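# Descriptive analysis of the structure
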Amino acid sequence: MNLLDIRNLSIELKTKNQNILAVDRVSLSMKEGEVRGLVGESGSGKSLLAQAIIGVLDDKWHVHADRFHWRGIDLLRLDIEERKSILCRDIAMIFQEPMASLDPTTTIGEQLAEAIDSKQLSGFFWQKQQQRKEAVIRLLHKVGIKKHIQCIRSYPHQLTEAICQRVMIAIALASRPVLLIADEPTAAMESTNQGQIFRLLASLNQLKNMSILLISHDLENITHWTNTITVMYSGQFVEAGTTEQIFNKPLHPYTRALVDSSPKANLQLPSKSRLMTLPGSIPILQHLPIGCRLGPRCPRAQRACVEAPKVQNYHGHKVSCHFSLKDTY
Amino acid sequence: MFIFTLRRLNLFIFTMLVLTLISFSLSYLFPGDPVINLSGQLNSSEEQLALLNENYHMQDNILWQYWAYIEHIIQGDLGLSMSSQSPVLNEIMILLPATIELSLVALLIAMFIGIPLGFIAAIKHNKTSDNIILSVAMFGYSIPVFWLGLLAILFFSIGLGWLPSAGRISLLFEIDIITGVLFFDILLSDSPDKWQAFQDATTHIILPACVVALAPATIFIRLARASMIEVLETSYIKAVKAKGLSFKQIIFRHALRNALIKIIRHVGLQFANLVTIAMVTEVIFSWPGIGRWLIESIYQRDYTAIQSGLLVLSCFIFIVHILTDFIYAALNPLARGNKHGS
């Protein structure tokens, strides 16, 4: 049974003049204990999708899905309150800019303490304060912060980005989630700190069997850490499969281009020659192409591409393209 | 925190120096003899005039004159009022507390009504209640204060007869002046009917304080609404939502303090505006405060009173500014403590 099963999720921005389909019928499924990467350029709707899953989008965004199952429960049948309580209990999320995601006027200790559900605490109400404090210290140790007394007393602006991100992870762990959504957890971070955060996430995945949805724009970097990868482009589903499938045998021209644009996959390339890139840039939301949104930039585009392709499934390797690269391998 | 206090104190001293410079230069800019403008002694004989010139160093250069003026201020000698020939300082000490009382009560009313209404409007952003609050705020902001004061007297005092229209307290009560702030004086006095006096003083302050509070309250509504909307869109509120806190918890634990921080500095800025409104209101409600006294001094060309009144009033406003700065620092951890590399 899938942990998370989303079919044809669309996110629409309704403005006075026009309705913009920011995310167009994307499907995503996750198994228990899996680390799935969600890859796409900036503006491809990855963060929107993540925020829609956890339900923190503003009122101006309208989310619609054909299927939204969580551990076999059909969340679309539940009302908003029930859905929210289930999601908040089982799913946690960490955000792009950890410093901005922590309340600047509240100490780290308080922010951590309020994330701990009082159902986890036993004992009478006069014992709870002490238990809560101990739980906060345990959480900080879990994410590798040793100087817990200093950390509890400080405000977010007094800590570094990497420590803030560790605190965010600690807050996320407080509710003992089954799925952790990490939305570019290492953006604007030094590479040593990036490695630490990723190692921490990987160890959590192995020790606690916690599933992780890792969102990133950097395909090459996250392949070390993921089991499966979903690729998005401009709000549309592109390709999904295991990391090996995506990296070694990409079926979609866009994934092909992504892989080709990374230096590691092109070691045989002569020095000082240009890397392969697609012409143009990702379209802005106001001027989205019809059909397959990669169309204007795609090297294999033909007339049929003005209609959005159906998802084809080759042994779990899903691709959404009329002219996939299947026959070239 | 110590350095923070020291810096505010430093700022206070230098601002006061500039203010004394302005009020000193006024004695030259006003018509008449500068020494008489400074001292206010109109009918002095030749010998007295010579003594005054000696005291204020009028024969020396202008820096010495300024220094002598500051010395006089520090000793508490602000000269005599030209119209009443009594020391200005004594008059101010009686009148200023009345203005402080009125403006602080008005500020509290404005804050306690304006800020919560603004927050409600922000939480119900783009809904009917938001629109209603905004249009009421716009309407309130556009009413001129003197007209509103007259209307309030006409309606509440004359029409309905609920509230008295003039003065601080009914003449029946005899309260000795100890602090100058009437409410404290009433509580300190040993008059047998002090609770009646307290009630009476309260009914007297309601109408003028509400009239003064209206314009600042509407500004607070709009400030509070804007800052709350801003805070509710930040990513830390999103993160808190993802934590699973209820809406009430989000507002009271996280949004409120961050939104208040953005407003509190504007409260200090608005206070100068509020005192100006209070001066006009004092005239309408015959409130025995410094604003009415200052306006009367301008009519009577009482130059000594104008000089000293301006000095004392701006000093008061500046002290309130510094106080709001301290409240700001208490609420905002980013403002206190030393910053490195920023």
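Parameters and conventions
Per chain, residues are indexed from 1 in the order of the written sequence. Each chain is given a letter, starting from A, and each ligand a number, starting from 1, according to the order in which they appear as written. For a predicted model such as this one, the threshold for reporting local features is a pLDDT of at least 70, and the threshold for listing and counting side-chain atom pairs is 80 or more; totals across whole chains, interfaces and linings nevertheless cover every residue. A run of H or I in DSSP counts as a helix once it spans at least four residues, and a run of E counts as a strand once it spans at least two, with each numbered from the N terminus. Burial is judged by counting other C-beta atoms within 10 Å of a residue's own C-beta: 20 or more means buried, 12 or fewer means exposed, and anything between counts as partly exposed, with every C-beta placed from the backbone. Placing a C-beta atom from the backbone of each residue, one calls two residues in contact when those atoms lie within 7 Å. A domain assignment, automatic or from a database, supplies the domain bounds used here. Only Asp, Glu, Lys and Arg are considered charged in this grouping, and only Ala, Val, Leu, Ile, Met, Phe, Trp, Tyr, Cys and Pro are considered nonpolar; every other residue, Gly among them, is considered polar. As a per-residue measure, pLDDT reflects the predictor's confidence and takes values from 0 up to 100. For a helix, the expected span equals 1.5 Å multiplied by the number of residues minus one. Along the arc lie the directions from the helix axis toward the C-beta atoms. In this analysis, axes come from line fits to C-alpha atoms, helices being fitted only over the stretch in contact, and the angle between any two N-to-C directions falls in the range 0 to 180 degrees. The sense of a crossing depends on the near helix, which, turned anticlockwise from the far helix by less than a right angle, makes the crossing left-handed and, turned clockwise, makes it right-handed. In this description, strands pair whenever DSSP reports at least two bridges between them. Buried Ala, Val, Leu, Ile, Met, Phe, Trp, Tyr and Cys residues form a nonpolar core when they are connected through C-beta atoms within 7 Å.

Turning next to the overall build of chain A. The secondary structure content of chain A amounts to 10 helices and 13 strands. A principal-axis box enclosing the C-alpha atoms of chain A has dimensions of 70 × 50 × 40 Å. Taking all 329 residues of chain A together, the buried fraction comes to 39%. Excluding contacts between residues fewer than 6 apart, the proportion of contacts in chain A whose partners are at least 24 apart in sequence is 64%.

Bringing the overall build of chain B into the picture now. Along the backbone of chain B there are 13 helices and 0 strands. Secondary structure elements in chain B, listed N-terminal to C-terminal, are α-α-α-α-α-α-α-α-α-α-α-α-α.

Now for the domain arrangement of chain B. Residues and elements named next belong to chain B. The domain architecture assigned to chain B consists of domain 1 (15–74) and domain 2 (93–331). Contact with domain 1, which involves 10 residues of that partner, is made by 8 residues of domain 2. No other element matches the 7 residues that helix H1 (residues 2–29) contributes to the side of domain 1 that touches domain 2. Across the side of domain 1 that touches domain 2, the residue classes break down as 4 nonpolar, 6 polar and no charged.

This paragraph deals with the confidence of the model for chain B. Model confidence for chain B is summarised by a mean pLDDT of 84, while 98% of its residues fall at 70 or above. Reported confidence for the predicted complex is 0.76 by ipTM and 0.79 by pTM.

Before going further, it helps to spend a moment on helix H4 (residues 125–142) of chain A. All names here are of chain A. A rise of 1.5 Å per residue sets the reference length of H4, with its 18 residues, at 26 Å; its end C-alpha atoms lie 26 Å apart and thus fit the reference within 8%. Those residues of H4 that sit buried are Val136, Leu139 and Leu140. An end-on view of H4 places all buried positions within 95 degrees of arc, on one side of the element. Exposed side of H4, more than 90 degrees from the buried face: Trp126, Gln127, Gln130, Glu134 and His141 are the residues found there. The inward-facing, buried residues of H4 contact helix H3 (108–115), helix H5 (148–153) and helix H6 (161–174). Positioned one or two residues after H4, Gly144 has a phi angle of 85 degrees, which is positive.

This next bit is on the packing of helix H7 (residues 145–159) of chain B against helix H9 (residues 194–232) of chain B. All names here are of chain B. Where H7 meets H9, the closest approach of the two axes is 10 Å, and the angle between their N-to-C directions is 145 degrees. The interaxial crossing formed by H7 with H9 has right-handed handedness. Contacts from Val145, Leu148, Gly149, Ala152 and Phe156 in H7 reach Leu207, Val211, Leu214 and Ala215 in H9. When its residues are assigned to classes, the contact of H7 with H9 shows 8 nonpolar, 1 polar and no charged.

A few words on H6(A). For the α-helix, the turn length of 3.6 residues means that residues three or four positions removed from each other point alike. Taking 1.5 Å per residue, 14 residues should reach 20 Å; H6(A) reaches 20 Å between its end C-alpha atoms and fits that length. Of all 14 residues in H6(A), 12 are buried; the element is thus mostly enclosed. For H6(A), the set of buried residues is Ile163(A), Cys164(A), Gln165(A), Arg166(A), Val167(A), Met168(A), Ile169(A), Ala170(A), Ile171(A), Ala172(A), Leu173(A) and Ala174(A). Those residues of H6(A) that are buried lie in contact with strand S7 (91–94), H3, H4, strand S8 (179–183) and helix H7 (191–208) of chain A together with helix H10 (235–243) of chain B.

Turning our attention to the interface of chain A and chain B. Where interface size is given, it is often the accessible area lost as the parts come together that is meant. Counting residues at the interface gives 20 residues for chain A and 19 residues for chain B. Elements that contribute at least two residues to the side of chain A that touches chain B include exactly S7 and H3 of chain A. For the side of chain A that touches chain B, the class distribution of residues is 12 nonpolar, 5 polar and 3 charged.

Of note, Arg138(A) is situated in helix H4. Spatially, the C-alpha atoms of Arg138(A) and Asn227(A) are 29 Å apart, while their sequence positions differ by 89 residues.

Residue and element names in this part refer to chain A. In this model, Glu184 sits at a positive phi of 40 degrees, which is unusual for a non-glycine residue. Tracing the sequence through the fold places Glu184 in the loop between S8 and H7. Positive phi, normally seen in glycine, also occurs at His315, with a value near 50 degrees. Summarising the element assignment, His315 is placed in the loop between strand S12 (312–314) and strand S13 (317–319).

With that settled, consider the pairing of strand S2 (residues 19–30) of chain A. Residue and element names in this part refer to chain A. Taken together, the 8 bridges between strand S1 (residues 4–14) and S2 define a ladder with antiparallel strand orientation. Opposite Ile6, over in S2, you have Leu28 as the bridge partner. Hairpin connection between S1 and S2: a loop of 4 residues separates the two successive antiparallel strands.

Once that is clear, we can look at the nonpolar core. Formed by 156 residues in total, the largest nonpolar core has its most connected members in Met93(A), Ala170(A), Ile181(A), Leu213(A) and Ala106(B). In this structure Ala170(A) touches Leu112(A), Leu139(A), Leu140(A), Lys142(A) and Val143(A), once residues within four positions along its chain are discounted.

Residue and element names in this part refer to chain A. Here S8 lies mainly inside the structure; 5 of its 5 residues are buried. Side chains Leu179, Ile181 and Asp183 project from S8 onto one buried face, and the interleaved Leu180 and Ala182 project onto a second face that is buried too. Where S7 lies against S8, 4 bridges are found, and the strand directions are parallel. Looking across to S8, one finds that Met93 is bridged to Ile181. Two strands pair when backbone bridges link them, and S8 and strand S9 (residues 211–216) are joined in this way by 5 bridges, in the parallel orientation. Its bridge partner lying in S9, Leu180 is registered against Ile212.

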